[in-house]
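# Examining the three-dimensional arrangement
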Amino acid sequence: MAHLLVVESWVGSMSRLLPRAIQEGGHTFTFLTRDLHHYLRTAPEGAAHPLLGARNVVTADTNDPASLLPYVERLHEVLGFDGVLTSCDYYLPTAALAAERLGLPAPDAEAVRNACRKDATRRVLDEAGVPGPRFAVHEEWAELAAAARDIGYPLVVKPVDLCAGMLVRRVDDEAQLAAAVRAMADFPVNARGQRRAPAVLLEELLDGPEVSVETVSHAGAVLVVGVTDKSIGGAPAFIETGHMFPAALPAAEAEDVVRTALDALKALGLTEGVVAHTEIKLTSAGPRVVEVNPRPAGNRITELVRHVTGTDLVAAFVDVSLGRAPDLRRADTGLRSAAIGFLVPETTGTLERLDDTGLWNEPDVLEAELAEPGRQVRAAGSNNEYLGHVMAGDTEGAGARDRVEGLLAALRSGLVIR
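Residues numbered from 1 in each chain as written. Predicted model: local features only at pLDDT ≥ 70, side-chain atom pairs only at ≥ 80, totals over all residues. Heavy atoms only, no water.

## Focus: the sheet that holds strand 3 (residues 56-59)
Stated formally: Following DSSP output, two strands are said to pair if at least two bridges run between them. Each helix corresponds to a stretch of at least 4 residues labelled H or I by DSSP, and each strand to a stretch of at least 2 residues labelled E; elements are numbered beginning at the N terminus. Here an angle of 0 to 180 degrees is reported between the N-to-C directions of two axes, which are lines fitted to C-alpha atoms, with helices fitted over the stretch in contact.
With parallel pairing, four strands are arranged side by side in an open sheet as 3-2-1-4. Each edge of the sheet is formed by a strand with only one pairing partner; in this case those strands are strand 3 and strand 4 (83-85). Across this sheet, the average inter-strand angle for adjacent strands is 20°, counted without regard to direction. The pairing of strand 1 (residues 3-7) with strand 4 spans three bridges and is parallel. Counted as the bridge partner of valine 6 is leucine 85 from strand 4.

## Describing the UniProt feature "domain: ATP-grasp" (unreviewed entry) in the chain
Rules: UniProt positions are given in the numbering used here, feature names are shortened, and annotations may be inferred rather than shown by experiment.
Summarizing the sequence annotation, UniProt attributes the feature "domain: ATP-grasp" (unreviewed entry) to residues 122-322 in the numbering used throughout. Structurally, residues 122-322 comprises 33% helix and 32% strand, and the distance from its first C-alpha atom to its last is 30 Å.

## Some details on the pairing of strand 18 (residues 388-394)
Applied cut-off: Think of it in three bands: with a 1.4 Å probe and only protein chains considered, a residue is buried below 20% of the maximum accessible area for its type, exposed above 50%, and partly exposed in between.
Summarising burial for strand 18: seven of the seven residues are buried, a large majority. Residues Gly388, Val390, Ala392 and Asp394 line one face of strand 18 and the alternating positions His389, Met391 and Gly393 line the opposite face, and both faces are buried. The pairing of strand 14 (residues 337-342) with strand 18 spans six bridges and is antiparallel. Note that in strand 18 the partner of isoleucine 340 across the bridge is methionine 391.

## Quick word on the nonpolar core
Put simply, the rule is: In this text, buried Ala, Val, Leu, Ile, Met, Phe, Trp, Tyr and Cys residues form a nonpolar core when linked through side-chain atoms within 4.5 Å. When checking whether two residues touch, look at their non-hydrogen atoms; a contact exists if any pair is within 4.5 Å.
By size, the foremost hydrophobic cluster in this structure holds 39 residues, and its most contacted members are Leu18, Phe29 and Val318. Of all elements in the fold, only strand 1, helix 1 (14-24), strand 2 (28-33), strand 11 (239-245), helix 10 (301-309), helix 11 (313-321) and strand 14 reach the threshold of two or more residues within this core. Top element by residues in this core is helix 11. It accounts for six residues. Excluding residues within four positions of it along the chain, valine 318 makes contact with Leu4, Leu18, Ala21, Ile22, His27 and Leu85. Formed by 21 residues, the second largest nonpolar core is a distinct cluster that contains Cys88, Ala147, Cys163 and Met166.

## Re helix 5 (residues 109-116)
Our working definition: Polar contact is the term for a pair of N or O atoms within 3.5 Å; when the atoms are in protein, one must be able to donate a hydrogen and the other to accept it, and sequence-neighboring residues count only if both atoms are side-chain atoms.
Inspection of helix 5 places Ala109, Ala111, Val112, Asn114 and Ala115 among the buried residues, and these make up the whole buried set. For helix 5, the capping residue at the N-terminal end is aspartate 108, with a side-chain oxygen 3.2 Å from the backbone nitrogen of glutamate 110.

## A look at the state of the cysteines
Threshold: Disulfide: a pair of cysteine sulfur atoms within 2.5 Å of each other.
Tallied over the entire structure, the rule returns zero disulfides. Of all cysteine sulfurs, the one in cysteine 88 lies closest to cysteine 163, which takes part in no disulfide; the gap is 6.4 Å.

## Structural notes on the pattern of salt bridges
Heads up, the rule is: We define a salt bridge as a side-chain nitrogen of Lys or Arg found within 4 Å of a carboxyl oxygen belonging to Asp or Glu.
What the rule picks out here adds up to 28 salt bridges. Across the pair arginine 134 and glutamate 204 runs a salt bridge, and its minimum N-O distance is 3.9 Å. Here arginine 134 is found in the loop between helix 6 (118-128) and strand 5 (135-138), whereas its partner glutamate 204 is found in strand 8 (residues 200-204), with 70 residues between them in sequence. Between aspartate 327 and arginine 329 there is a salt bridge, with the nearest N and O atoms lying 2.9 Å from each other. A residue is classified by how much of its surface remains accessible, and arginine 329, at 66% relative accessible area, is exposed. The network of salt bridges with shared partners includes Arg20, Glu24, Glu303, Arg306 and Asp312.

## As for unusual backbone geometry
Negative phi is the rule for most residues except glycine; trans is the rule for most peptide bonds. Proline 154 follows tyrosine 153 through a cis peptide bond whose omega is -5°. By secondary structure assignment, the location of proline 154 is in the loop between helix 7 (141-151) and strand 6 (155-159). Residues alanine 235 and proline 236 are joined by a peptide bond in cis, for which omega reads 10°. By secondary structure assignment, the location of proline 236 is in the loop between strand 10 (221-233) and strand 11. Backbone geometry at glutamate 8 places phi at a positive 60°, although glycine is not the residue there. Mapped onto the elements, glutamate 8 comes out in the loop between strand 1 and helix 1. Even without a glycine there, the phi angle at asparagine 299 is positive, about 55°. Residue class for asparagine 299 comes out buried when judged on its relative accessible area of 19%.

## With respect to the environment of aspartate 332
Tracing the chain through its elements places aspartate 332 in the loop between helix 11 and strand 14. Classification of aspartate 332 as exposed rests on a relative accessible area of 68%. In this structure the C-alpha to C-alpha distance between aspartate 332 and valine 308, which are 24 residues apart in sequence, comes to 7.8 Å. At a separation of 3.1 Å, a polar atom in the side chain of aspartate 332 contacts the main-chain amide nitrogen of glycine 334.

## Let's talk about the packing of helix 7 against helix 8 (residues 174-185)
Keep this limit in mind: Orientation categories follow fixed angle ranges, with anything under 35 degrees roughly parallel, anything over 145 roughly antiparallel, 65 to 115 roughly perpendicular, and all other angles oblique. Crossings are classed by handedness, with left-handed meaning an anticlockwise turn of the near helix from the far one by less than a right angle and right-handed meaning a clockwise turn. Only Asp, Glu, Lys and Arg are considered charged in this grouping, and only Ala, Val, Leu, Ile, Met, Phe, Trp, Tyr, Cys and Pro are considered nonpolar; every other residue, Gly among them, is considered polar.
One way to put it is that helix 7 packs onto helix 8 with a least axis distance of 11 Å and a crossing angle of 135°. Accordingly, the angle class assigned to the pair helix 7 and helix 8 is oblique. In this structure, helix 7 meets helix 8 at a crossing whose hand is right-handed. Of the residues in helix 8, those in contact with Trp141, Leu144, Ala145, Ala148 and Arg149 of helix 7 are Glu174, Leu177, Ala178 and Val181. For the contact of helix 7 with helix 8, the residue count by class is seven nonpolar, no polar and two charged.

What follows is the structure, encoded as structure tokens:
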């Protein structure tokens with residue numbers, strides 16, 4: 001039995017999936033957080049939050065690595081940890097630093113830090129010749145405006161240090177660019193109380209659909225689990241509206257995508273102790289890297305993979321965080337594809353009705369989670385405003401996405417927001 005230190009977590013599905021994987025692996029964990037109430041606010045009614053399954057819950061300022069790392073050392077002397085991990089993007093560099101400080105298995109901390117900063121990722125990949133969009137990074141308006149003219153409209157504006165698509169926008173002219181930059185300036189601190197970098201990333205708008213490559217790195221080898229597709233909506237935002245695993249790609253195109261992802265991971269140095277989710281655009285000029293996430297995929301993509309292949313990427317994350325070889329053996333689950341679709345609100349108001357009649361009786365539905373009436377809703381601007389999701393599988397082929405889209409259409413017909 002191993003003892004893991006979990007430094008913060010998401011409040012969504014990964015806050016349930018990660019404790020489950022730790023416990024099913026026969027391990028225990030200590031949970032370290034600066035604000036336990038951040039998680040308790042999201043606990044299902046009448047149920048304890050899964051993070052309270054920890055052997056210990058300890059509070060400390062996880063936003064201050066200078067004071068946190070010596071504190072973690074003292075904790076280690078008393079409690080004894082075998083690995084350190086987090087499922088929250090904002091704390092991935094801190095977890096890597098803590099593991100290095102304790103002499104425990106860890107990905108390279110600088111590599112993790114570069115992957116978690118979109119501007120650093122762009123620079124590293126560009127220097128290595130890994131294909132991506134044309135880009136520029138600036139803080140001052142005059143430089144941003146000039147760079148935008150050089151790249152050419154339309155383009156994509158991104159904060160360098162947020163996640164879940166927050167404040168990522170397509171802009172078609174200088175007025176829209178100015179509005180996007182102001183919106184970032186009006187959000188100087190992220191949801192975890194960390195002060196944001198003032199840099200703004202401008203990128204060429206890439207054509208084509210988007211996919212992601214799910215990989216596990218251990219002992220210097222990067223193992224490819226598969227390719228997931230993605231649907232995007234909510235323009236001018238880029239909201240993930242659904243995914244299917246495996247992506248329905250021709251073999252040659254899938255090989256190009258995988259090769260590009262492996263090149264990106266190698267360039268960044270993410271070849272040890274990492275479960276990664278690398279997003280790639282299938283442009284008319286070939287695959288282009290969107291971003292590299294040094295943690296398991298969100299939006300329940302890990303569950304799509306598990307339903308189709310039997311491979312548990314969250315359990316693999318636990319294994320590599322302990323320096324152990326992950327179990328990536330596939331099993332015949334009976335499914336050839338699995339897809340998830342998200343119910344994305346287009347208006348602001350109060351959720352009055354969401355008719356899910358019959359959904360739970362559909363034999364191919366693997367999961368469904370929907371908001372309750374009375375919830376305050378705002379028109380979605382990122383992946384943080386979903387009203388729920390539906391997941392379905394297909395035993396014959398790549399029909400899971402079409403099935404999910406049909407189920408979502410039925411849900412939308414009974415959706416009332418006032």
